[in-house]
Amino acid sequence: MQTTQFIWFDGKMLPWDHARVHVLTHALHYGSAVFEGMRAYSCTDGTSAVFRLADHCKRLVNSAKILRFELPYSAEHLAVACVETLQANKLTEGYVRPLSFVGYGELGIYPGDNPVQTIIAVWPWGAYLGAEALEKGIRVKTSSFARMHVNTLMTKAKSSGNYINSILAKVEAKGEGYDEAVMLDTAGFVSEASGENIFIVRDGILKTTPWTSILGGITRDSIIKLARDVGYLVEEQQFTRDEFYIADEAFLTGTAAELTPIRELDHRVIGAGGAGPVTRRLQKEFFKVVRGENVEYADWLHRYNV
């Protein structure tokens, strides 16, 4: 990780190395935290912009509500703090990580009156799955770990504890030489990757897992809207891994992964084995939007100057 100078911590800008918590912090022991990930991009007009900042901050507040955390900040307050943190660190482009967590106090499972604290960190971060992944695509495997049932954990909360499920799948996939894991739900249908949503393309039609059983990705939502706007049919419905095997194209979406093609699943080559024409078109449109080159989506960008 490339460090920056300051981390926003409950309203104060602290030096990076001074943003600390006690080792008995509740969230460290029980995963009682919610977080977001968003990207800031340098735009072609010389400004910078955070992509869908308001939507990310709203989802953080909603995640806290689902887990019954008393979050002391509104979505609007958090949005301002995210931009202030980027500006304090003179970062024109990079990754933004807000985290709200149950702090030090009682250490039983019940968090009681422990304070809910919030940090915002920013740092430079390139392509999450590797610089070549956006062009050549990645190799993925079906995980032996199922995505949790909707009543096992709260799937609409982007909570830290949920990600043990993802860690298990990712470590397994990497250990077997793959880039990423594809997780099935408890009924056996394709759900998500360890930190991304999944799309397949067959006969020019895009298909993605319904929002009801996944974390509703903001990049996923953006790609659905972009695809429909340029004329593609997008269907939100369940599909199986053998349908995945015979897709013409497939890709992952997420803040970190952006729009990353899948070239192989479980030793089956997907389509031509790289980014297909639909994937390339949507990549092009997506990066035009985040760089401020498409004014139709100007409201997705929160502009700022350093």
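Here, the structure is the one placed above.
Residues numbered from 1 in each chain as written. Predicted model: local features only at pLDDT ≥ 70, side-chain atom pairs only at ≥ 80, totals over all residues. Heavy atoms only, no water.

Thoughts on the overall build of the protein
Stated formally: Secondary structure counts use DSSP, requiring at least four H or I residues in a row for a helix and at least two E residues in a row for a strand, with both numbered from the N terminus. The atom set for the radius of gyration is the C-alpha atoms, and the globule formula is 2.2 Å times the number of residues raised to the power 0.38. The buried label applies to any residue whose accessible area, calculated with a 1.4 Å probe on protein chains only, is under 20% of its type's maximum; exposed applies above 50%, and partly exposed to all values in between. Note on contacts: a residue pair qualifies if any of its non-hydrogen atoms lie within 4.5 Å across the two residues.
Within the protein, the secondary structure is distributed over 8 helices and 17 strands. Whereas a compact globule of 306 residues would reach a radius of gyration of roughly 19 Å, the protein reaches 19 Å, a difference of no more than 12%. For the C-alpha atoms alone, the extent of the protein along its principal axes is close to 55 × 50 × 30 Å. By the burial criterion, 52% of the 306 residues in the protein qualify as buried. Taking contacts inside the protein between residues at least 6 apart in sequence as the whole, the part at least 24 apart equals 69%.

What about the pairing of strand S5 (residues 48-51)?
Every regular strand shows the same layout, with side chains that alternate between the two sheet faces. The following threshold applies: Pairing between strands is defined by DSSP: at least two bridges between the two strands are required.
Here S5 shows no split at all, with Ser48 and Val50 on one side and Ala49 and Phe51 on the other all buried. In this sheet, S5 lies alongside strand S4 (residues 38-42) in antiparallel orientation, the contact comprising 3 bridges. Pairing of Ser42 across the sheet is with Ser48, part of S5. Hairpin connection between S4 and S5: a loop of 5 residues separates the two successive antiparallel strands, and Gly46 in this loop has a positive phi of roughly 95°.

Focus: the packing of aromatic side chains
Describing an aromatic ring pair means giving the distance of the ring centres and the angle of the ring planes. Put simply, the test is: Centres within 6.5 Å are what make two rings of Phe, Tyr or Trp a pair, Trp counting through its six-membered ring; a difference in plane orientation under 30 degrees is then read as stacked, over 60 as edge-to-face, and the rest as tilted. Two thresholds decide whether a charge sits over a ring: the Lys NZ or Arg CZ must be within 6 Å of the ring centre and within 35 degrees of the ring normal.
According to the stated counting rule, one finds 12 aromatic pairs in the structure shown. With a centroid separation of 6.1 Å and an interplanar angle of 45°, the aromatic rings of Trp123 and Trp125 are classed as tilted. Given the relative accessible area of 10%, Trp123 is considered buried. Above the ring of Trp211, the side-chain terminus of Lys156 is found at 4.8 Å from the ring centroid. We note Arg268 situated over the ring of Tyr245; from NZ or CZ to the ring centre the distance is 4.0 Å.

Details of the pattern of salt bridges
Rules: By definition here, a salt bridge exists when the distance from a side-chain nitrogen of Lys or Arg to a carboxyl oxygen of Asp or Glu is within 4 Å.
All chains considered together, the criterion is met by 17 salt bridges. Residue Lys136 pairs with Glu132 through a salt bridge whose shortest N-O separation is 3.7 Å. Salt bridges sharing common partners tie together Arg52, Asp55, Asp221 and Lys225.

Looking at the environment of Arg20
To keep it simple, the criterion reads: Counted as a polar contact is a pair of N or O atoms within 3.5 Å, where, for protein atoms, one must be capable of donating a hydrogen and the other of accepting one, and residues adjacent in sequence contribute only when both atoms are in side chains.
Here Arg20 is to be found in the loop between strand S2 (12-15) and helix H1 (26-30). The exposure class assigned to Arg20 is exposed, which follows from its relative accessible area of 64%. Along the sequence, Arg20 and Arg97 sit 77 residues apart, while their C-alpha atoms lie 16 Å from each other. A polar contact of 2.7 Å, which involves the side chain of Arg20, links it to the backbone oxygen of Asp17.

Structural notes on the environment of Val171
Within the secondary structure, Val171 is located in helix H5 (residues 163-175). Taking relative accessible area as the criterion, Val171 reaches 54% and is therefore assigned exposed. Along the primary structure Val171 and Ser194 are separated by 23 residues, whereas in three dimensions their C-alpha atoms are 9.8 Å apart.

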